[in-house]
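Examination of the molecular architecture
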Amino acid sequence: MDNGSSTTGDTELDQAVRQWLQYDKNPKTASMVQEMMKNGAVEALKKCFTSRMEFGTAGLRAPMGPGISCMNDLTIIQTTQGFCHYLEESFSDLKERGVVIGYDARAHPPSGGSSKHFASLAAAVFISRGVPVHLFNDITPTPFVPFTVSHLGLCAGIMVTASHNPKQDNGYKVYWENGAQIISPHDKNIAKAIEENLEPWPESWNTEEALKSPLLKDSYQDIHTQYFKTIQNHCHNRDINKSSEVKIVHTSVHGVGHAFVQTAFKAFDLPPPHAVEEQKDPDPEFSTVKYPNPEEGEGVLTLSFALAKRVGASIVLANDPDADRLAIAEKQESGQWRLFSGNELGALLGWWMFRCWKQQNSDPAAVKNLYMLSSTVSSKILRAIALKEGFHFEETLTGFKWMGNRARDLLDQGKAVLFAFEEAIGYMCCPSVLDKDGVSAAAISGEMISYLATKSTSLSQQLTSIYEEYGYHITKNSYFICHDQKVINSLFERLRNFNSQKDSYPTECGRFSVSAVRDLTTGYDSNQPDKKAVLPTSSSSHMITFSFSNGGVATIRTSGTEPKIKYYTELCAAPGNSDVKQLKKELDELVDAIVENFLEPGKNKLQPKPE
C-alpha cells in the first residue's frame, strides 16, 4: 500500500501518519500503521499519533509500539538526535569525552522493539556525529550508567529501561555530566531539540556500521571490575561476613539483577544468596508475576517465600527488574513474613551506614562535614538521628534526580554524603553512584544482617531499637485513582482557598489542628519568615504538606507518571514515647480525617487503591 492511498478524514492525523511512514524504516511498526489505515482504525491511530511522548526529567516512559506516543525505533532515533544536538550545544569537548549507553532486557516482539536494539540505534546517532560511545555489550543494572558517567568523566549517560513498569513498556533515562539525572531546564531544552530534529539523519538507522566504528567502545568489563572494587569501600566486617551462616534468598524478578547481586555478595565475602530459579534469568514476559514491582509485595515474593521455606532462610532480598531498587522481607517468630517499607529500610540502612562511619572516624569534629538526604515524602527518621548524632540532614523534592544533584553539590563543596533514600525502596549508599542502587544496597544489607545475627538480633528487633533511641516514626502511605484532571485541580484549589477564602489554607482537619502548611506548587511556606518555600517549586504538579500540632505530617501530591492522588503521612514521636499501639491509632485517625475532610473521595468520585 502506498503511503498516501488511505485517509482518515482527519487532515492533521493523516499528515502525522504520512510523515511517520516516510521516516520509519522498521517494517513491523510501519506495517502496523498501514494495517490501521487500511482498517480505518481512527481511534487506534489517534492514540498512536495525537501527542508525542513527553520528555521530562525522568526522560521517556511509554508502551512499545508504533507512533509518536510510543517507544519504537523512530522515536528513539528522534529523541537521541535531539539529545545529541543539545549536548553538542552544551559541551565543546563532547567529541573527546563521549557518552555511555546501557540497557535492560525488555523486548516487544510484535513491534520489533527491545532495549538492546534501542541502545544500538542511540549509539548509531551519536557515532554518526563523531561522538565516542561506551555501549555495554550486555545488560546491566541502571546504576552502572551513572557510575560510568562519573568514573570516566563523560558528558552524559542513557539507560534504556522501564524499571518496574508492566512488560509492554520501555523507557529512556538520561544522566548529565555530574553523574545525576537531569533536572530542569535540561528536560525542556532537550524536548525542544527533539522537535527540531525529527527527520532521521542519514546515518541514524545504520546500526551495522556504527557497531563496527572505532568510536564505539565496550567498557563493560572495565566498569564491572571498577564498580565492584568501589562498593567494597562500604564493606566493614569482612571477618563476620566470611563466617556468616545467615541464609538469604534473592530474586531479581526476571530482570538484570541476579549475576550482579551474586558478584556483590562475593565482593563482600558473604555466602552467595539462594537465587529464585524461576525468576533469576532475564525474561521480557515477566512470566511468573502480574507486576514486576517488589513494592507490590506478597504476589511478587510468593516464589521467594517458597524457596526460603525449602532452604531454611529467614531473609528475602528482591530487586526490581533494572536493579536500582531493593525490597527486604524477614520471617518473624510467628512464621509470618514481614515486608519492610522503604521508610523502615531507610531507617535501618541509615543507622547502619552511620554506625560503620563512626567506627572508621575517630575525629569527633568530622561529623560536622557529614550529610544524609531524603525526599520530602519520605520518613523524617534521618532528621531525628542527625539531631542526636550531630551530622547534617537535608530534605529534597521527590525523586532521586533531586537527591543526586544535591549530593553532587555537597561533594563539590568538600562535604561527605553518606546516605540518601526515598520511600519507594530506593537507596544511595555509595557516592560513586548518584542515584538509587539496589546492587550495592543488597550487599550492604547482607553485611548488616550478618552483623546483627552475631548479636542474635533480627532486622525487626533492630528497627525497634532505632525507634526506641531516636523516636518512633510511624508512616502510612496510599493513593486514590482519578482520571479527571479537572477534579484533581479543583480538589487542590479547594485546599488553597479553604472555606471559600482566597489563599487561605485549612487550620484544622477534623479534631487535628494544623500547625504549618507548605505548598510546593505555589511556593508558599508558613514556616519561613518571608512565607516563601526553600525547596524548588513546580507549578506543573500539585504538592501540599500539612504539619499538625500532634507531630503528624501529611503530604498530598499528584503523580508525574500515573493518574493518582498520593498521600504520605507520618507521626514522629519524641524518644521515650513508645506506646506504638496508641501512636498507630492516632495516625489512623489522622489519615481518616485527611481523607474525609481534604480528599472527599465520595464527592470527588475517587477510586481507592486496589487491594
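Residues numbered from 1 in each chain as written. Predicted model: local features only at pLDDT ≥ 70, side-chain atom pairs only at ≥ 80, totals over all residues. Heavy atoms only, no water.

Basically, it comes down to this: UniProt positions are given in the numbering used here, feature names are shortened, and annotations may be inferred rather than shown by experiment.
Under an unreviewed UniProt entry, the name given to the chain is Phosphoglucomutase-2, and the source organism is Xyrichtys novacula. Turning to the chain, the UniProt annotation filed under Sequence similarities (unreviewed entry) states: "Belongs to the phosphohexose mutase family." Reading the Cofactor (unreviewed entry) entry of the UniProt record for the chain gives the comment "Mg(2+)".

**Remarks on the nonpolar core**
Using the following cut-off: Residue types Ala, Val, Leu, Ile, Met, Phe, Trp, Tyr and Cys, when buried and joined through side-chain atoms within 4.5 Å, form a set referred to as a nonpolar core. Buried, partly exposed and exposed residues are distinguished by accessible area as a fraction of the type maximum, computed with a 1.4 Å probe on protein chains only: under 20%, between the cut-offs, and over 50%, respectively. The way it works is that DSSP assigns letters per residue, a run of H or I at least four long becomes a helix, a run of E at least two long becomes a strand, and they are numbered from the N terminus. Contacts are assigned to residue pairs that have any heavy atoms within 4.5 Å of one another.
Counting residues in hydrophobic clusters, the biggest one holds 178 residues, and the most contacted among them are F83, F126, F419, Y427 and I556. With 10 residues, helix 14 (residues 342-360) is the single largest residue contributor to this core. Apart from residues no more than four positions distant in its own chain, I556 is found in contact with F492, L495, H542, M543, I544, F546, I565, K566, Y567, I594, F598 and L599. Within the second largest apolar cluster, 11 residues are counted, among which are L373, M403, A420 and M428.

**What about the pattern of salt bridges?**
The line we're drawing: We count a salt bridge whenever a side-chain nitrogen from Lys or Arg sits within 4 Å of a carboxyl oxygen from Asp or Glu.
A complete count under the given rule lists 34 salt bridges for this structure. Salt-bridge contacts for K192 lead to E196; the nearest nitrogen and oxygen are separated by 3.2 Å. Residue classification places K192 among the exposed positions, given a relative accessible area of 52%. Across the pair E394 and R406 runs a salt bridge, and its minimum N-O distance is 2.6 Å. Pair noted here: E394 is in strand 15 (residues 392-396) and R406 is in helix 16 (residues 400-412), with a separation of 12 residues, a long-range link. Overall, E394 belongs to the partly exposed group, its relative accessible area being 21%. Here the salt bridges do not stand alone but share partners, grouping K173, D324, D435 and K436 into one network.

**A closer look at the sheet that holds strand 5 (residues 133-135)**
Put simply, the rule reads: Two strands form a pair only when DSSP identifies at least two bridges running between them. Whenever a helix is involved, its axis is fitted only over the stretch in contact; in every case the axis is a line through C-alpha atoms, and angles between N-to-C directions fall within 0 to 180 degrees.
Taken together, six strands build an open sheet; the order of strands is 1-7-6-2-5-8 and the sheet is mixed. Of all strands in the sheet, those bounded by a partner on one side alone are strand 1 (60-63) and strand 8 (216-217). Sheet topology places strand 1 next to strand 7 (residues 169-175); four bridges connect them, and they run antiparallel. Paired with A62 across the bridge in strand 7 is N170. The strands that helix 4 (residues 73-90) touches are strand 1, strand 2 (99-103), strand 6 (156-160) and strand 7; relative to strand 7, the one it contacts most, it runs at about 5°. Here helix 7 (residues 144-152) sits on the sheet in contact with strand 2, strand 5, strand 6 and strand 7, set at roughly 165° to strand 6.

**Thoughts on the UniProt feature "domain: Alpha-D-phosphohexomutase alpha/beta/alpha" (unreviewed entry) in the chain**
According to UniProt, the positions carrying the feature "domain: Alpha-D-phosphohexomutase alpha/beta/alpha" (unreviewed entry) are residues 53-198, 226-331 and 342-470. End-to-end, the C-alpha atoms of residues 53-198 are 13 Å apart, and along that stretch the chain is 38% helix and 19% strand. The span residues 226-331 carries 34% helix and 16% strand; its end-to-end C-alpha distance comes to 35 Å.

**Some details on helix 16**
Quick note on the threshold: By definition here, a helix of n residues has an expected span of 1.5 Å times n minus one.
Relative to the 18 Å expected for 13 residues at 1.5 Å per residue, helix 16 spans 18 Å between its end C-alpha atoms, a close match to the ideal helical length. Every buried residue of helix 16 is listed here: F400, K401, M403, G404, N405, A407, R408 and L410. Where helix 16 is buried, its residues meet helix 7, strand 14 (370-375), strand 15, strand 16 (416-422) and strand 17 (426-428). Once helix 16 finishes, G414 follows within two positions and takes phi at roughly 85°, a positive value.

**As for the sheet that holds strand 10 (residues 274-275)**
Taken together, five strands build an open sheet; the order of strands is 10-9-11-12-13 and the sheet is mixed. Whereas interior strands pair on both sides, the edge strands pair on one side only; in this sheet they are strand 10 and strand 13 (337-339). With five bridges connecting them, strand 11 (residues 315-319) and strand 12 (residues 326-331) associate as antiparallel partners. Note on strand 12: the bridge partner recorded for V316 is A329. With respect to the sheet, helix 12 (residues 257-267) is in contact with strand 9 (248-251), strand 10 and strand 11, its orientation differing from that of strand 9 by roughly 145°. Contacts between helix 18 (residues 459-470) and the sheet are confined to strand 11, strand 12 and strand 13, with strand 12 contributing the most and set at about 105° to the helix.

**Concerning the pairing of strand 6**
With respect to burial, strand 6 is a largely interior element, five of its five residues being buried. Burial of strand 6 is two-sided: the residues A156, I158 and V160 facing one way and the residues G157 and M159 facing the other way are all buried. In terms of strand pairing, strand 2 meets strand 6 through five bridges, oriented parallel. Along strand 6, the bridge assignment pairs I101 with I158. Here strand 6 pairs with strand 7 via four bridges, running antiparallel. Across the sheet, residue M159 finds its bridge partner in strand 7, namely K173.

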